[in-house]
Amino acid sequence: MKPSFLTKPIVCILLTETAERFAYYGFRAILILYLTQALRLKDGDAIARYSFMTSFAYCTPLLGAIVADVYLGKYLTILSFGMVYAFGLAMLTMGAYMDEEVSMDQKKSVTFGGLLFICIGTGGIKPCVSAFGADQIAGVTNHSAKDSSSINQANTRAFFSYFYFAINLGSVFSYILIPIVRAREGFGSAFLLPTIFLYVALAIFIWSRNQYIQHRPRGKGRGGNSDDSNMLETCKLFVLLLRKKIISNLVIILSRFRYRMRRIDRKQERVPLEETQNNATNSNDTSDIRGYSQHQVEEVSQIINIMPILSFFSIFWMLYNQSSSVWVLQANRMNLHGFQPEQLGVVNPILIMLFIPLFDKQIYPYLEFRKWKITHIGRMGGGMLLTAISFIMSGCLEIVISMSTKKVSVLWQLPQIINLSLAEILVSVTGSEFAYSNSPVSMKSLVMALYLVMTSLGDLIGGLLYSTIFQALKSSSSMFICALMMLTNFILFCFIARNWSSCSANNGKKQD
């Protein structure tokens, strides 16, 4: 039986995401080998450029969010940036087809030019597609107002599970087909197939253009609501409130430190410490935000409130994205048993497609039935811990590879891949739902973009490490350092998340 929320517009969005992700993961699956084999870059340089490329692709979602929320709306933003994306893939394909008579500098120029357009295009649509799909949920609830909120919440959670399933469905077929095409026909044909799939994705998306629920952009572009501030004013308010939040927290921290240093008895300490904290909260001058409405202040405050949690995603993505670069190069030095080195990446999306319904239909309901409610925060923390374990496994495997007199079977990568796939379910799927559920209605794209920017920051850190410090280290040492970084990240996350709570700007109800 088809779920009630799977209407034609939502199905089209899911199909669009499947085809687009085939295109994205298809070209990305072979990119690290293209850089090392066709463009003849060293492993360290190739990993660094790969990381910088991914970092830029996850930084441009901010641009897409601004265009969507202020000027064009989500639909036109997806369509516009999708065209840029398609042009970039066409350039990348053209660069791969260049014969050896063309200079390597020209080949690199066309290749990196294409990657630039790809990063702008794919980044521009990233924060909009999932949020645009979730926007359609409101049009499928035919219940009383009393029940609609809980039903919408359940449908939204189910949509993000389907959405992530669509991502991994496209990823599975790309990891199976693209490496085979590369091995038989070369890099040019292997890049051409994702290009074709992207044009198919855009055609599917346009098909339901008259049936989508579209929210008008907030700013002054294309008839936005006149009573809402534009993005510039939102950014100003964001800076003002963030500064106040930082100052307030610093005052509280210093006051706690001062009272502890005085070794005052707890009963005597409690009253003045609470008074100091209240003074820190209430003493901030509010004259500089008097020009903003209460609604605007609440919305921006809600974004600031979730930033401490989102900031811990960067290290996770730094490690996770190495599975398609560092682990591929690791597999290339192992006994492949007839597989291509990048093909083992298909295990991850297959596991994700198996784990998503397992967690959504069995594990989470069972835990709720047993009164063991695991919040978003708890899931994400568990995923971070599993990620650290994956890279400890990877580092140990690297030591075995370097010490062995014969090639180690690539199947020994399976434990670290399975572990990382479990971590992805707990961190990424939960993180998407968390970011959307805890963001203001009119700023969904912006918050999803900030969520994706954390990936950009993580890949930037990875690129800097592999282009500097890791150049002089063994691969195993680099992986152990990454695991240590994630363990540190996990400990800090637990410390911050312990006292974190969210209060929706829309209904005032506390969420996890």
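In this text the structure is predicted, and so the values were computed from the model without any measurement. (Residues numbered from 1 in each chain as written. Predicted model: local features only at pLDDT ≥ 70, side-chain atom pairs only at ≥ 80, totals over all residues. Heavy atoms only, no water.)

**Quick notes on the overall build of the protein chain**
Then comes step 1: Looking only at helices and strands, the protein chain features 16 helices and two strands.
Then comes step 2: Residue pairs at least 24 apart in sequence account for 84% of intrachain contacts in the protein chain once pairs closer than 6 positions are excluded.
Then comes step 3: A total accessible area of about 23900 Å² is found for the protein chain, and carbon and sulfur atoms account for 61% of it. (Helix = DSSP H or I, 4+ residues; strand = E, 2+ residues; numbered from the N terminus. Contact = heavy atoms within 4.5 Å. Areas by Shrake-Rupley, 256 points an atom, 1.4 Å probe, with all protein chains shown as cover.)

**Points about the environment of Phe112**
Then comes step 1: Relative to the helices and strands, Phe112 is located in helix H4 (residues 104-135).
Then comes step 2: Between the C-alpha atoms of Phe112 and Met53, which are 59 residues apart in sequence, the distance is 9.1 Å.
Then comes step 3: Discounting residues that sit within four places of it in the chain, Phe112 has contacts with Leu35, Leu39 and Arg49.

**A closer look at the side chain of Glu17**
Then comes step 1: By the element assignment, Glu17 lies in helix H1 (residues 8-38).
Then comes step 2: The class of Glu17 is buried, set by a relative accessible area of 7%.
Then comes step 3: Apart from the residues lying within four places of it in its own chain, the contact partners of Glu17 are Val129, Phe163 and Ile167. (Buried < 20%, exposed > 50% of the residue type's maximum accessible area, 1.4 Å probe, protein only.)

**A few points about the pattern of salt bridges**
Pairing between side chains of opposite charge can happen when the charged atoms of each approach one another.
Then comes step 1: A full pass over the atoms with the stated rule returns five salt bridges.
Then comes step 2: A salt bridge links Glu20 to Arg21, with the nearest nitrogen and oxygen atoms 2.7 Å apart. Both residues of the pair, Glu20 and Arg21, belong to the buried class.
Then comes step 3: The salt bridge involving Glu398 is made with Arg333; its shortest N-O contact spans 2.3 Å. With Glu398 in helix H13 (residues 376-403) and Arg333 in the loop between helix H11 (326-331) and helix H12 (347-369), this residue pair connects regions lying 65 residues apart in the sequence.
Then comes step 4: Classification of Glu398 as buried rests on a relative accessible area of 7%.
Then comes step 5: When salt bridges with common partners are traced through the structure, they connect Glu17, Glu20 and Arg21 into a single cluster. (Salt bridge = Lys/Arg side-chain N within 4 Å of Asp/Glu carboxyl O.)

**Here we look at the packing of helix H3 (residues 61-97) against helix H6 (residues 187-207)**
Then comes step 1: Where H3 contacts H6, the two axes come as close as 8 Å, and the packing angle between them is 165 degrees. Taken as axis vectors, H3 and H6 run roughly antiparallel relative to one another. The hand of the H3/H6 crossing is left-handed. (Axes fitted to C-alpha atoms, helices over the stretch in contact; angles between N-to-C directions. Parallel < 35°, antiparallel > 145°, perpendicular 65-115°, else oblique. Left-handed = near helix turned anticlockwise from the far one by under 90°.)

**Points about H1**
Then comes step 1: Its 31 residues place the ends of H1 43 Å apart at the C-alpha level, agreeing with the 45 Å of an ideal helix rising 1.5 Å per residue.
Then comes step 2: The largest bend along H1 measures about 40 degrees and falls at Leu31.
Then comes step 3: Burial analysis of H1 places 27 of its 31 residues in the buried class, which makes it a mostly covered element.
Then comes step 4: Of the residues trailing H1, Arg40 is marked for its positive phi of about 60 degrees. (Expected span 1.5 Å × (residues − 1). Bend = angle between axes of the 7 residues up to and from the residue.)

**Some thoughts on unusual backbone geometry**
Then comes step 1: With phi around 60 degrees, Arg40 is a residue other than glycine that occupies positive phi space.
Then comes step 2: With respect to the helices, strands and loops of the structure, Arg40 is situated in the loop between H1 and helix H2 (43-57).

**Quick notes on H12**
Then comes step 1: For H12, which comprises 23 residues, the first-to-last C-alpha distance of 31 Å matches the rise-based estimate of 33 Å (1.5 Å per residue) to within 8%.
Then comes step 2: At Phe359, H12 shows its maximal kink, close to 50 degrees.
Then comes step 3: Within H12 the residues assigned to the buried category are Val347, Asn348, Pro349, Leu351, Ile352, Met353, Phe355, Ile356, Phe359, Asp360, Tyr364 and Leu367.

**Here we look at the packing of helix H10 (residues 313-320) against helix H16 (residues 475-497)**
Then comes step 1: It is at 9 Å that the axes of H10 and H16 come closest, and there the two elements cross at 155 degrees. Looking at the two axes, H10 sits roughly antiparallel to H16. Crossing handedness for the pair H10 and H16: left-handed. Here Ile315, Phe316, Met318 and Leu319 of H10 come into contact with H16, specifically with Cys482, Ala483, Met485, Met486 and Asn489.
Then comes step 2: Split by residue class, the contact of H10 with H16 holds eight nonpolar, one polar and no charged. (Nonpolar A, V, L, I, M, F, W, Y, C, P; charged D, E, K, R; others polar.)

**Here we look at the side chain of Arg379**
Then comes step 1: Turning to its location among the elements, Arg379 is positioned in helix H13.
Then comes step 2: Although Arg379 lies buried, it forms no salt bridge, and the closest oppositely charged side chain, Glu433, sits 4.3 Å away as judged by the N-O distance.
Then comes step 3: What Arg379 contacts, discounting residues up to four positions off in sequence, is Arg157, Tyr364, Ile374, Leu426, Thr430 and Glu433. (Lys, Arg positive; Asp, Glu negative; His and termini not counted.)

**A look at the nonpolar core**
Then comes step 1: If you look at the biggest cluster of nonpolar residues, it comprises 137 residues, and the most contacted ones within it are Phe27, Ile309 and Phe313.
Then comes step 2: The leading source of residues in this core is H1, at 17 residues.
Then comes step 3: Dropping the residues within four chain positions of it, Phe313 is found in contact with Met380, Val427, Gly431, Tyr451 and Met454. (Core = buried A, V, L, I, M, F, W, Y, C linked by side-chain atoms within 4.5 Å.)

**Things to note about a nonpolar patch on the surface**
Then comes step 1: Taken together, Leu385, Ile389, Ile392, Met393, Ile399, Met403, Phe480 and Leu487 make up a surface patch of nonpolar side chains, about 630 Å² in accessible area.
Then comes step 2: Of all the secondary-structure elements, those providing two or more residues to the nonpolar patch are H13 and H16.
Then comes step 3: Here the nonpolar patch takes six residues from H13, the largest share from any one element.
Then comes step 4: Of note, Met393 is situated in helix H13. (Patch = residues over 30% accessible without salt bridge, like charges linked within 9 Å, V, L, I, M, F, W, Y side chains within 5 Å.)

**Overview of the packing of aromatic side chains**
Then comes step 1: Scanning all chains against the criterion turns up 22 aromatic pairs.
Then comes step 2: On the numbers, 5.0 Å between centres and 65 degrees between planes, the contact of Phe132 with Tyr212 is edge-to-face. A residue pair is termed long-range when its members are at least 10 positions apart, and Phe132 in helix H4 and Tyr212 in the loop between H6 and helix H7 (231-261) qualify at 80 residues.
Then comes step 3: Owing to a relative accessible area of 1%, Phe132 belongs among the buried residues under this scheme.
Then comes step 4: Its relative accessible area of 7% is what places Tyr212 among the buried residues.
Then comes step 5: Relative to Tyr451, the ring of Phe313 lies with its centre 5.4 Å away and its plane at 75 degrees, an arrangement referred to as edge-to-face. Of this pair, Phe313 sits in helix H10 while Tyr451 sits in helix H15 (residues 444-467); the two residues are 138 residues apart in sequence, bridging distant segments of the chain. (Phe/Tyr/Trp six-rings, centres within 6.5 Å; stacked < 30°, edge-to-face > 60°.)

**A few points about the environment of Pro127**
Then comes step 1: Inspection of the secondary structure assignment puts Pro127 in helix H4.
Then comes step 2: Separated by 69 residues in the primary sequence, Pro127 and Tyr58 have C-alpha atoms spaced 9.6 Å apart.

**Some points on the confidence of the model for the protein chain**
Then comes step 1: Model confidence for the protein chain is summarised by a mean pLDDT of 83, while 84% of its residues fall at 70 or above.
Then comes step 2: Across residues 221-229, where pLDDT falls below 50, the model places 19 contacts with residues more than four positions away in sequence or in other chains.
Then comes step 3: A low-confidence stretch, residues 267-271 (pLDDT under 50), is modelled with three contacts involving residues beyond four sequence positions or located in other chains. (pLDDT = per-residue confidence, 0-100.)

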